[in-house]
Amino acid sequence: MSQLQRIAIAPSQLQQQQIFLTKEQQHYLGRVLRLREGDRFIAMDGKGKSWLAQLTGEQAQLLESISVETELPVSITLMVALPKGNGFDEIVRCCTELGVTCIAPVLSDRTLLHPSPQKLERWRRIAAEAAEQSERSFVPTILEPVTFSTGLSSAISNLSLVNSQQYICVARGEFPHLKDCLQHQGQEKIVIATGPEGGWTTQEVENAIGVGFQPVSLGRRILRAVTAPVVALSLITAACEV
Ligand code: SAM
């Protein structure tokens with residue numbers, strides 16, 4: 001079972017026990033992986049359900065539901081100031097592999113990139129591919145980019161009912177290390193924010209602290225804007241995974 005290829009499907013592709021594969025999925029399964037009629041693969045809905053499936057011509061049939069237990073016991077929202085170039089693609093890919101639940105791209109005062117609408121679709125595709133590759137049962141949600149202040153407000157309004165911790169990674173200053181702050185016992189949700197190449201402004205850090213974020217360090221070295229989210233996620237998974 002573990003060697004079978006995984007494919008993320010949208011709810012609209014599933015009717016009764018039949019999967020209506022997209023042209024890209026047919027091409028991938030048939031031409032790239034060379035699967036034939038009767039060959040099996042794993043279909044996942046990206047929301048926690050997975051099935052053993054079998055190719056039937058150009059479509060596929062669900063055979064049985066399977067249990068996939070690769071998710072972390074805590075929900076992690078990564079709020080990340082968009083880095084320049086294609087750096088965000090790498091963040092989405094690596095943090096999906098590490099188990100992130102939701103990625104909220106934000107435009108901070110020093111953000112240089114203002115992404116086109118097509119970027120969101122691309123990031124969601126990368127998240128689905130990385131979830132398939134890392135054998136997850138959930139595909140992380142990638143939110144539409146918003147300003148940092150809007151991102152802070154919505155992060156806080158979504159936290160009211162859960163046991164949560166909020167951190168903002170700050171590259172310079174005397175802040176406690178994230179690894180020493182993580183209290184994984186009974187935590188339901190972690191929100192963590194990382195800044196752009198130029199760093200957060202003092203005002204942004206103060207605004208985050210004002211709504212309950214704790215400033216933290218990721219160590220004594222200054223990490224690139226693309227490296228910092230991956231390090232933060234790695235520390236959280238190491239602390240929370242049972
Ligand atoms: N230009 C900024 C400076 O010189 O202070 C550094 C910004 S750093 C390239 C980009 C982001 O990564 C920071 O805003 C912060 O969120 C995170 N980061 C990088 N290194 C970090 C560290 N050692 N501790 C905490 N956060 C760090």
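What counts, and where the lines are drawn
Residues numbered from 1 in each chain as written. Predicted model: local features only at pLDDT ≥ 70, side-chain atom pairs only at ≥ 80, totals over all residues. Heavy atoms only, no water. Domains from an automatic or database assignment. Contact = heavy atoms within 4.5 Å. Buried area = accessible area lost by both parts, 1.4 Å probe. Salt bridge = Lys/Arg side-chain N within 4 Å of Asp/Glu carboxyl O. Polar contact = N/O pair within 3.5 Å; in protein donor to acceptor, adjacent residues only side chain to side chain. Helix = DSSP H or I, 4+ residues; strand = E, 2+ residues; numbered from the N terminus. Nonpolar A, V, L, I, M, F, W, Y, C, P; charged D, E, K, R; others polar. Expected span 1.5 Å × (residues − 1). Buried < 20%, exposed > 50% of the residue type's maximum accessible area, 1.4 Å probe, protein only. Axes fitted to C-alpha atoms, helices over the stretch in contact; angles between N-to-C directions. Parallel < 35°, antiparallel > 145°, perpendicular 65-115°, else oblique. Near = heavy atom within 4 Å. Areas by Shrake-Rupley, 256 points an atom, 1.4 Å probe, with all protein chains shown as cover. UniProt positions renumbered as here; feature names shortened; annotations may be inferred. Disulfide = S-S within 2.5 Å. Pairing = 2+ DSSP bridges.

1. Some points on the domain arrangement of the chain
Line of reasoning, step 1. Along its sequence, the chain is carved into domain 1 (6–66) and domain 2 (75–240).
Line of reasoning, step 2. Once you take the C-alpha centre of each, domain 1 and domain 2 turn out to be 32 Å apart.
Line of reasoning, step 3. In this complex, domain 1 contributes nine residues to the contact, which on the side of domain 2 involves eight residues.
Line of reasoning, step 4. For domain 1, the biggest contributors to the area lost against domain 2 are Arg6, Met44 and Gly46; these three give 61% of the whole.
Line of reasoning, step 5. Linking domain 1 with domain 2 are one salt bridge.
Line of reasoning, step 6. Where domain 1 meets domain 2, there are three residue pairs in polar contact (both at pLDDT 80 or more).
Line of reasoning, step 7. With three residues, strand β1 (residues 6–8) is the single largest residue contributor to the side of domain 1 that touches domain 2.
Line of reasoning, step 8. Tallied by class, residues from the side of domain 1 that touches domain 2 come to three nonpolar, three polar and three charged.

2. Some words on the environment of Ser108
Line of reasoning, step 1. Tracing the backbone through its elements, the reader meets Ser108 in the loop between β8 (102–107) and α3 (117–133).
Line of reasoning, step 2. Put simply, Ser108 and Asn207 are 99 residues apart on the chain and 12 Å apart in space, counted from C-alpha to C-alpha.
Line of reasoning, step 3. Aside from chain neighbours lying at most four places away, what touches Ser108 is Ala81, Phe148, Pro196, Trp200 and Glu204.

3. Describing helix α2 (residues 87–98)
Line of reasoning, step 1. Compared with the 16 Å implied by 1.5 Å per residue over twelve residues, the 17 Å span of α2 between its first and last C-alpha is a close match.
Line of reasoning, step 2. Listed in full, the buried residues belonging to α2 are Gly87, Phe88, Asp89, Ile91, Val92, Cys95 and Thr96.
Line of reasoning, step 3. Contact partners of the buried residues in α2: β7 (75–81), β8, α3, β9 (141–142) and α7 (227–240).
Line of reasoning, step 4. Gly99 occupies a position one or two residues after α2 and carries a positive phi of about 110°.

4. Observations regarding the packing of α2 against α7
Line of reasoning, step 1. Following both chains from N to C, one finds α2 and α7 inclined at 5°, their axes separated by 10 Å at the closest point. Accordingly, the angle class assigned to the pair α2 and α7 is roughly parallel. Residue-level inspection shows Ile91, Cys94, Cys95 and Leu98 of α2 in contact with α7, the latter providing Pro229, Val230, Leu233, Ser234 and Thr237.
Line of reasoning, step 2. Looking at the contact of α2 with α7 residue by residue, the classes come out as seven nonpolar, two polar and no charged.

5. Here's the deal with the site of the ligand
Line of reasoning, step 1. Around the ligand, the structure places 20 residues, and the nearest of them are Cys169, Arg172, Gly195, Leu218 and Arg221.
Line of reasoning, step 2. In the complex, 87% of the free accessible area of the ligand, which totals 580 Å², lies under the protein chains.
Line of reasoning, step 3. Along the lines of polarity and charge, the residues of the shell around the ligand split into eleven nonpolar, six polar and three charged.

6. Quick notes on the UniProt feature "domain: Ribosomal RNA small subunit methyltransferase E PUA-like" (unreviewed entry) in the chain
Line of reasoning, step 1. The UniProt feature table records "domain: Ribosomal RNA small subunit methyltransferase E PUA-like" (unreviewed entry) at residues 21–59.
Line of reasoning, step 2. With 26% helix and 33% strand, residues 21–59 has its two end C-alpha atoms placed 6 Å apart.

7. What to know about the pattern of salt bridges
Line of reasoning, step 1. The full count for this structure, using the stated rule, is five salt bridges.
Line of reasoning, step 2. The closest approach of N and O atoms between Arg136 and Glu71, which form a salt bridge, is 2.7 Å. In this pair, Arg136 is assigned in the loop between α3 and β9 and Glu71 in the loop between β6 (59–66) and β7, connecting sequence segments 65 residues apart.
Line of reasoning, step 3. Residue Asp180 is joined to Lys179 by a salt bridge in which the shortest nitrogen-to-oxygen separation is 3.5 Å.
Line of reasoning, step 4. On the accessibility criterion, Asp180 (58% relative accessible area) is exposed.

8. Points about the state of the cysteines
Line of reasoning, step 1. Here the structure, examined in full by the defined rule, presents zero disulfides.
Line of reasoning, step 2. Of the cysteine sulfurs around Cys95, a residue in no disulfide, the closest is that of Cys94, at 6.6 Å.
Line of reasoning, step 3. Of the residues examined, Cys95 reaches a relative accessible area of 0% and is grouped as buried.
Line of reasoning, step 4. Considering cysteine sulfurs only, Cys181 is the nearest to Cys240, which forms no disulfide, with 13 Å between them.

9. A short note on the sheet that holds strand β4 (residues 40–44)
Line of reasoning, step 1. With respect to topology, six strands assemble into an open sheet ordered β1-β4-β5-β6-β3-β2, the strand pairing being mixed. Looking at which strands have only one partner, the edges of the open sheet turn out to be β1 and β2 (14–15).
Line of reasoning, step 2. The pairing of strand β3 (residues 18–19) with β6 spans two bridges and is classified as antiparallel. Counterpart to Gln18 in the pairing with β6 is Gln61.
Line of reasoning, step 3. In the packing of helix α1 (residues 23–32) onto the sheet, contacts are made with β1, β4, β5 (50–56) and β6, and the angle to β1 comes to roughly 175°.
Line of reasoning, step 4. Against the sheet, α3 contacts β1 and β4, and its axis sits at roughly 150° relative to β1.

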